[in-house]
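Next come the chains, spelled out residue by residue.
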Amino acid sequence: MFKSLIFFARYFLFWLLYFAVDRFIFMFIFHIKLRNIPLSQKFAAYYHALRLDLSTTAYLVIIPLLIYTFWYFTNREKINFNWIRHYNAVLIVLFSVISVINFNIYREWGSKVNSRAIEFAILTPGESLASSASSPIFLTLLVLLVLLAVGFYLNFLLVKRQINFTKTPLGVKFIITIIVLTTNFLLIRGGTGRAPNTQSMAYFSNYQILNHTALNTEWNLVSSILASNKSKKNLYKYFNQKEADLQASNLFKVEKDTTISILKTERPNVVIFILESFTADLIKSLDGESGITPNLDNLAKNGVLFSQIYATGNRTDKGLIGSLTGFPTLAVGSIVKWPEKMQKIPAISQKLYENGYHTSFYYGGESEFDNYKAFVLGHQYKKLIDRKSFDKKDMSANWGAYDGPLFNRQLKNANTTKQPFFSTILSLTNHEPFELPVKQKFGNADNAQKFKSTAFYTDSCIGSYLNEAKKQAWYKNTLFVFIADHGHPLPKNNHEIYEPQRYHIPLIFYGDVIKEEFRGKVYNKTGSQQDLPATLLAQLNIKANNFKWSKNLLNPYTRNFAYFSWDDGFGFIENGHTVTFDNVGKSVLHNSKAEDATQTNKNIINGKSYLQSVYQQFINL
């Protein structure tokens, strides 16, 4: 019996070596991020990976182990296990593809492949391919081939095709079988301790990338898929719920409900541009690079600039909801996946429609993507324009209509729309793979150059749009709002997913409808894109009481804070002090003023209370 169990020892060795090779390739691909990390910590990642690697392998061995156990209690002297190589071959191909996807997801999102990415790929394969089109194809194929080659070679070398049994008393067989099955169960669970395996078992370092290196990709993916179905349980239960709700609500209390009125009229037309990936690093007025967005910089000088605004998340669906409804991100979840809940949160469009506005939404891509259409049509947008409304000549190969034709369509329709009107324009061109209908201003040698070129193009389209709009009768009574959907690691390519600069975005109010004394004004109050609804509605003298998570940036009494989140982590900024917290590793990832322990603790408490409270509201919807 014990000799036959060597088969399973070799089987475990095979998968542990495969995972180690996968981990080595991950570290090789992201070697630039790892170059300043001590070698000892890099090696430590392999040790800390063992627990989840063993757990994953124990899951994989269940079928072979059960079949082995069945034949063990027969009178056979040997059994043919050749089929297990084919079983492994299927898993090798599957895991190799998952690993390649993981490398590209991590490069773009800063997190490992998870249920969100799989849903993205299954439900919207065209958009998924477009997002990955900027990935290095040669490297992707090379990595896939290496993983397949290593996997098949190890499978041939280590996995035996035959098992020989020796005569063993029945009672001893039962004892040995119980020991083997129990051992495998404990490997799955992670031992006999109270806490079973979680992703945090692989976390060991202050360097987040090493934690992600140690985290088994397949184990994490399955765990993420299972967790994605938990919409009835608060995943972020830090405090007593009443205490968390009170702490969160106190953030929005004001001494006086008032506002600085910057508009000449309470019923202007409103056009909101939600700009794809327009990180603050693109905009000189926000200490970004020079020459990329001359038109937005000009608008900032002649309009009202909010200089310390942060995106609520790192994806368009989160930014769209955050900007138009004021509803925060849910860290690991996104409310767009639950349309029935999404319909229950208020939106700017509903409020303006109730006040006599003619509403419209413009997007150059598929409106069905990520339930955008469900949101738009469920929140009183009476006209929806998407890629189906454009000619093929106006379309990119991957996503949809370029920003130029998109902006022009809204401009043309505005000329025949009864005032007051409210339009939302969601741009598209500044998205991977950074396609353009014109020559690339900054070249196309790498993604940073392409990114700057598409941003320059979108900015030029904004300039052309406004130049033409100025000729229209409705222009003088129109407020234009420019805000990004989320930030981006490019063009600097040095912002980790948990760093606040990754979320720093522009918010600009512009138009002749702004009082002269406020043109060129810069407001430095820290805020979020979630604050747009309350801020805008206050200018229109429309009550925003049901926008629970949005505060008026033009009320001098509102608190100076912003919240953002990513997959299982959050950041909280108050009074210029930023703390970001990883919920898996239970650790602080970034602290801009670590010496201020009191404010650090306050930020963590506020961030935890905020996330717990908003997630509970999501459950209750």
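Residues numbered from 1 in each chain as written. Predicted model: local features only at pLDDT ≥ 70, side-chain atom pairs only at ≥ 80, totals over all residues. Heavy atoms only, no water.

(A) View of the overall build of the protein. Each helix and strand in the protein was counted, giving 21 helices and 15 strands. Since a compact globule built from 621 residues should have a radius of gyration of about 25 Å, the 27 Å found for the protein is in line with a globular shape. Seen along its three principal axes, the alpha-carbon backbone of the protein occupies a region of about 95 × 55 × 45 Å. Looking at the protein as a whole, 57% of its 621 residues qualify as buried. Sequence separation of at least 24 residues holds for 76% of the intrachain contacts in the protein that already meet a minimum separation of 6. When the accessible area of the protein is evaluated, it comes to approximately 26000 Å², of which 57% is carbon and sulfur surface. Taking the 67 positively charged and 45 negatively charged side chains of the protein as two groups, their mean positions are separated by 6 Å. (Helix = DSSP H or I, 4+ residues; strand = E, 2+ residues; numbered from the N terminus. Rg over C-alpha atoms; globule rule 2.2 N^0.38 Å. Buried < 20%, exposed > 50% of the residue type's maximum accessible area, 1.4 Å probe, protein only. Contact = heavy atoms within 4.5 Å. Areas by Shrake-Rupley, 256 points an atom, 1.4 Å probe, with all protein chains shown as cover. Lys, Arg positive; Asp, Glu negative; His and termini not counted. Charge placed at Lys NZ, Arg CZ, Asp CG, Glu CD.)

(B) Just the nonpolar core, in detail. With 165 residues, the main nonpolar core has Trp15, Ile272, Tyr465, Phe480, Phe482 and Phe509 as its most contacted residues. Excluding residues within four positions of it along the chain, Phe482 makes contact with Phe273, Leu296, Leu299, Ile462, Leu466, Pro506, Leu507, Ile508 and Tyr510. Grouped together as the second largest cluster of nonpolar side chains are nine residues, Ile497, Tyr503, Ala562 and Phe564 included. (Core = buried A, V, L, I, M, F, W, Y, C linked by side-chain atoms within 4.5 Å.)

(C) Expanded view of a nonpolar patch on the surface. Taken together, Tyr59, Ile62, Ile63, Leu66 and Leu181 make up a surface patch of nonpolar side chains, about 440 Å² in accessible area. Counting residues per element, the nonpolar patch draws most heavily on helix α4 (residues 62–72), at three residues. Tracing the backbone through its elements, the reader meets Leu66 in helix α4. (Patch = residues over 30% accessible without salt bridge, like charges linked within 9 Å, V, L, I, M, F, W, Y side chains within 5 Å. Salt bridge = Lys/Arg side-chain N within 4 Å of Asp/Glu carboxyl O.)

(D) Spatial organisation of the side chain of Gln410. Turning to its location among the elements, Gln410 is positioned in helix α18 (residues 403–414). A polar atom in the side chain of Gln410 sits 3.2 Å from the side chain of Ser423. For Gln410, the side chain forms a polar contact with the side chain of Tyr465, separated by 2.5 Å. For Gln410, the residues in contact, after removing those within four places along its chain, are Val271, Tyr362, Phe421, Ser423, Ile425 and Tyr465. (Polar contact = N/O pair within 3.5 Å; in protein donor to acceptor, adjacent residues only side chain to side chain.)

(E) How the structure looks around the packing of aromatic side chains. A full pass over the atoms with the stated rule returns 51 aromatic pairs. Seen from their ring centres, Tyr363 and Tyr372 are 5.6 Å apart, and the 75° between their planes marks the pair as edge-to-face. Each member of the pair Tyr363 and Tyr372 is classed as buried. Between Tyr615 and Phe618 the ring centres are 5.4 Å apart and the planes differ by 65°, which places this aromatic pair in the edge-to-face class. Separated by three residues within a single helix, Tyr615 and Phe618 lie in helix α21 (residues 597–620), roughly one turn from each other. (Phe/Tyr/Trp six-rings, centres within 6.5 Å; stacked < 30°, edge-to-face > 60°.)

(F) Spotlight on the pairing of strand β3 (residues 269–275). Of all the seven residues making up β3, seven are buried; the element is thus mostly covered by neighbouring parts of the structure. Going residue by residue along β3, you find Asn269, Val271, Phe273 and Leu275 tucked away on one face and Val270, Ile272 and Ile274 tucked away on the opposite face as well. For β3 and strand β8 (residues 478–484), the ladder comprises seven bridges, and the chain directions are parallel. What sits directly across from Val270, in β8, is Leu479. Alignment of β3 against strand β7 (residues 421–426), held across five bridges, turns out to be parallel. Counted as the bridge partner of Phe273 is Ile425 from β7. (Pairing = 2+ DSSP bridges.)

(G) Up close: the pairing of strand β13 (residues 569–574). Extensive coverage of β13 is indicated by the burial of six of its six residues. Residues Gly569, Gly571 and Ile573 of β13 are buried on one face, and the alternating residues Phe570, Phe572 and Glu574, pointing to the opposite face, are buried as well. Here strand β12 (residues 561–566) pairs with β13 via six bridges, running antiparallel. Its bridge partner lying in β13, Trp566 is registered against Gly569. Linkage of β12 to β13, two consecutive antiparallel strands, is achieved through a turn of two residues, within which Asp568 is found at a positive phi near 65°. By the bridge criterion, six bridges tie β13 to strand β14 (residues 577–582) in an arrangement that is antiparallel. Within the sheet, the bridge partner assigned to Ile573 lies in β14 and is Thr578. What sits between β13 and β14 in their antiparallel hairpin is a turn of two residues, with Asn575 showing a positive phi close to 55°.

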